Amino acid sequence: MDAVLIQLLNGLDKGAAYALIALGLTLVFGTLGVVNFAHGALFMLGAFCAVTFQKILTISVKVIDPSITFFTAYKEQAYLEIWFGDVGLTIIDYAVPLSILMAIPVMLLIGLAMERGLIRHFYKRTHAEQILVTFGLAIVIQEVIRHFFGANPIPMPAPDIVSSSAAVGTWLGLSDNLVYPWWRLIYLSFSLLVIGSVFAFLQLTTFGMVVRAGMFDRQMVGFLGINVQRKFTIVFGLASVVAGLAGVMYAPILPPDYHMGMDFLVLSFVVVVVGGMGSLPGAVAAGFLLGVLQSFASMTIVSQYLPGIDQVIIYLVAVIILLTRPRGLMGRKGVMED
Amino acid sequence: MSESVLKISNVNKTFGGLKALTDINLNIEKGKVHAIIGPNGAGKSTLLNVIIGLLEPDTGEVLFDNKDVIGKQAHEINQMGLVRVFQTPEIFTDLSLLENVMIPALAKRDGSFKFKIFRDLADEKDIMNEAVDILASIGMEDKMHNMSGSMSRGDKRRLELAMCLIQHPKLLLLDEPTAGMARHDTNQTIELLKKIKEGGMTKIIIEHDMHVVFSVADTISVLARGKIIATGTPDEIKGNPIVQEAYLGGGE
Amino acid sequence: MKIEKKRSDLFIMAIFTIVILSMPVWLSPLGANYPDLLQKFAIFGIFAIGYNILFGLTGYLSFGHAIFIGVGSYTAVWSFKLLSMNVLPAIVFGTLFAGIIAALVGYVSLRRSGIYFSILTLAFAQMFYNLAYSVLTPLTNGETGLTIAAGDPRVLDRLFSDVATGGGLPSTELFGISMSGYSGFYFTAVLLILAFFISLKIFNSPFGLKLKAIKSNQHRMKYTGYNTRPYLVTAFIISGMFAGLAGSLMAVTDPLAGAERMQWTASGEVVLMTILGGVGTLYGPLLGVAIIKYLENIFSAVNEATLHGFFSFLPQWLNDTMVVVVSPFVGEGWHLTLGLMFMIVVIFLPGGVTEGFQKIKNRFTKNKEQEKLKQGGE
């Protein structure tokens, strides 16, 4: 029972990341009609926003180490600590959550620049060409990141206060031994918050209404004389921010490296097609579903009978769904079909 | 009574409670040009999709050449000899005119699949001659090495007709052959249709342009609100009061 | 009636054979005439020619072809381990087995078209990569990769000759001829010529025309009486077998097979080669392979020291700046250059270098014609 609960939480956590990436991907699909292979790179860039922010906070200077008295020793000390003492240290400790503040404008800018500079010129080109050019862009982005940050994963600590585990078992009246990392619980809640905000934005604002109408019938919205072009740019920026936020908060769970975008890209594409292309609720549902499925497949009780199934289960499910239900779980007719 | 090519009996089709086709009975005789006309929303395209096997009717049967077409795939229907011309011309825009007509000729000879790579296209002299002849018959033999994508809509339509004719279909199905065409192109197409008529090929023309229908059809069936309300020669149809009402009286 | 003049396949093949076999001679001024690089040209040439039969002719964009490279490599190494160090069984089994897997993947993936097909192949690629990397470790030796060992059974070798049990690792051979150095290149080159011949025949055959027609208008093809799926599956299998052959040849040059060969991004590279040269053209993919592999060779060998040397004619400050600007693109940064090239080609030259040549040629001939017209008018 404990193991099942842990795996459920693990799955939801992983699923939350999948859902966030797939959400932006399908938003861009549905409105702009563009297949963006660089979307994983946006997730990765988000994670590196956290890395950069932490680096900025910890810019240091050499000072004399007073704890060593019998010779003059030096140590690195962050300016923040020198200036603000313990407050500075606390700020550094909260680097990851604070970097959200930086990630939102940065990711928005990156998204807008990408749409204006490249994606816009590919609305009328074939899907194959869209895939290829964004694939090229993804390689460029990841190589630039590698050039500046190196090839090794960079560990990013969560704030001290939440670096321990929560007594999930005690809360639920189950075993006291059942604990789960605080940060992962936070990630899950944060993801739900972001997903909720995106849906609220699309449901409650006029802008969101136009976007939804655009996903339903792109031509129609164009006929209405609405400036679709500008709306597209904003939608792309929004998708970029969502992917970026998913990356920022994932940094303490998976130390960021330059190719994490490509790793997540395939998964999120799978999530999108399983959910049904162009369906936002489908993308979210499929994200969580596949995350949980993958987690359960890695349980010892399963791998006993089907060794290695956790490595392939998602892809198997995707293949089966695409063959039996070509429109995915919640897709509508005629989205991206020939 | 001559031989029947296509026999539609007691076909009914409902879409979510809405009757699209009611008790359709049709008999297309060999060598005849049969037009199906009707106002918009009368069920013409539903009937067409039933004939080509794309839609399965709720009841009834569709026999082509005494064989059931229901549930058959597009290529099987074509191989049976029922060939279709589309409303918007469907051609291979990235290929040359010659290649465009060679492909259907090869389909006629080789069937729906043939894997043979050690024979050059250039060695297919028979197919090539046939293709050049048919292009000559529509006056395009001098352009045969041009790409077909840059032609006018009327030319594309004529090329598509040639692609269908090279297969010597038992039944040619034309879906609004003059839809969206300029007057000049329409007249050219009518001339072409008349020319084929002389060849004695069986045809169904689905159309709402009366001008076209009366100049080429032997028999006309009028479809209104999913029912065939009249079938007869052009002159009979012209004088039929029910037809006039259906067309002029509208939806009541 | 005047009908298209038949091109002489014999003539094309003769020229092609001469060009390929004399590569060691005419590539020496470029400094690209050593066997390792030449062999790489030939292997990737086979891969790209095969990929072009699917993507170029039918327009189906597959990200799954790295699977067949991997399958070919693993099968070849197993053939070296179990049967013989002779390369013939290795490449025959590698090609055939890749063909079987391609039939499986193709049969399933080709039930969908467009972007759905691409994503299905992507899913398969990732699935096979994970299988090779961890699940099927007994077959693939997982992370470390599959290698030959001195104690391997090699049944056929032992049957026909006394194999020294001690000593170092045996090397790949063809009936006694070692497959390293130039003999290795010539062996690969012969296979490349064969692959090109098959591709030429497909391009000129009704089968090839039908594939092009599927790319142009699949809907029309169906209503013209063609069952398009067997055509697509056949094209997929052929291109998969070419990839399998290329994969097994990689194992011939170096009897080692690792999972990283199966990463889906590796399929991306062959896409780039194909479109850079000219997708759907007969020679384009080979041109693309030559350009990319040559540049890769140069770019990845460069480091900062060589850059300083290269810019030494400049004043010191400019020299330093140039090195800082250029160094991200060379050495380790080769992939950055590759990605940029990828984007530039897709944005500005979707028809590839071949189309570029054609455009330039057209401009020239047009100018000439106009001049002629002018002269005629005067």
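The residue count restarts for each chain, going from 1 along the sequence in the order it is written. Lettering for chains starts from A, numbering for ligands starts from 1, and both go in the order in which the items are written. A pLDDT threshold of at least 70 governs which residues receive local features in this predicted model, and a stricter bar of 80 or more applies before side-chain atom pairs are shown or counted, although totals over entire chains, interfaces and linings include all residues. Values shown for side chains rest on all heavy atoms present in the structure; no hydrogens or waters enter the calculation.

**Observations regarding the interface of chain B and chain C**
Thought 1: Contacts between the two partners involve 45 residues from chain B, matched on the other side by 33 residues from chain C.
Thought 2: Joining two parts hides part of their accessible area as seen by a 1.4 Å probe, and the buried area is that hidden amount summed over both. For the pairing of chain B and chain C, the buried interface totals around 3400 Å² over both sides, and the portion due to carbon and sulfur atoms is 65%.
Thought 3: Here, a salt bridge means any Lys or Arg side-chain nitrogen found within 4 Å of an Asp or Glu carboxyl oxygen. Here chain B is connected to chain C by two salt bridges.
Thought 4: For E160 of chain B, the salt bridge identified is with R220 of chain C, shortest N-O distance 2.9 Å.
Thought 5: Definition of a polar contact: a pair of N or O atoms within 3.5 Å, with one able to donate and the other able to accept a hydrogen when the atoms are protein atoms, and with sequence-neighbouring residues admitted only if both atoms are side-chain atoms. Where chain B packs against chain C, one counts 19 residue pairs in polar contact (both at pLDDT 80 or more).
Thought 6: Going through the elements one at a time, α2 (74-80), β6 (82-85), α3 (97-110), α4 (125-137) and α5 (153-165) of chain B are the ones with two or more residues in the side of chain B that touches chain C.
Thought 7: Strands are runs of DSSP state E lasting at least two residues, helices are runs of H or I lasting at least four, and both sets are numbered from the N terminus onward. Of all the elements, α3 of chain B adds the most residues to the side of chain B that touches chain C, at six residues. Pairs of residues are marked as contacts when any of their non-hydrogen atoms sit within 4.5 Å.

**Topic: the sheet that holds strand β9 (residues 219-224) of chain B**
All names here are of chain B.
Thought 1: Reading across the sheet, the six strands line up as β6-β7-β8-β3-β9-β10 and stay open at both edges, with mixed pairing between neighbours. Two strands lie at the open edges of the sheet, namely β6 and β10 (227-232), each paired on one side alone. Here the average twist between neighbouring strands, direction ignored, is 20 degrees.
Thought 2: With five bridges connecting them, β9 and β10 associate as antiparallel partners. What sits directly across from S221, in β10, is T231. Any two strands with at least two DSSP bridges between them are considered paired. Under this scheme, a helix contributes an axis fitted over its contacting stretch, all axes are lines through C-alpha atoms, and angles between N-to-C directions fall in the 0 to 180 degree range.

**Considerations on the interface of chain C and chain A**
Thought 1: Listed by partner, the interface residues are 38 residues for chain C and 42 residues for chain A.
Thought 2: Summed over both sides, the interface between chain C and chain A buries roughly 3500 Å², with carbon and sulfur atoms accounting for 79% of that surface.
Thought 3: Summed over the shared surface of chain C and chain A, the number is four residue pairs in polar contact (both at pLDDT 80 or more).
Thought 4: Of all the secondary-structure elements, those providing two or more residues to the side of chain C that touches chain A are α6 (114-135), α13 (264-277) and α17 (334-348) of chain C.
Thought 5: In terms of residues, the side of chain C that touches chain A owes the most to one element, α6 of chain C, which gives 15 residues.
Thought 6: Lys, Arg, Asp and Glu make up the charged group, whereas Ala, Val, Leu, Ile, Met, Phe, Trp, Tyr, Cys and Pro make up the nonpolar group; the residues left over, Gly among them, are polar. A per-class count over the side of chain C that touches chain A returns 25 nonpolar, 10 polar and three charged.

**Observations concerning the environment of F47 of chain C**
Thought 1: With respect to the helices and strands, F47 of chain C occurs in helix α3 (residues 35-58).
Thought 2: Considering only alpha carbons, one finds F47 of chain C and R154 of chain C, 107 residues apart in sequence, at a separation of 28 Å.

**Looking at the domain arrangement of chain C**
Residues and elements named next belong to chain C.
Thought 1: Segmentation of chain C into domains returns domain 1 (2-285) and domain 2 (302-378).
Thought 2: Note that domain bounds follow an automatic or database assignment of domains. For domain 1 versus domain 2, the distance between C-alpha centres works out to 30 Å.
Thought 3: On the side of domain 2, 10 residues touch domain 1, which itself brings 10 residues to the contact.
Thought 4: For the pair domain 1 and domain 2, the summed buried surface comes to about 770 Å²; carbon and sulfur atoms form 76% of the total.
Thought 5: It is L272, I275 and L276 in domain 1 that bury the most area against domain 2; as a group they hold 64% of the surface buried on that side.
Thought 6: On inspection of domain 1 and its partner domain 2, the count reaches zero salt bridges.

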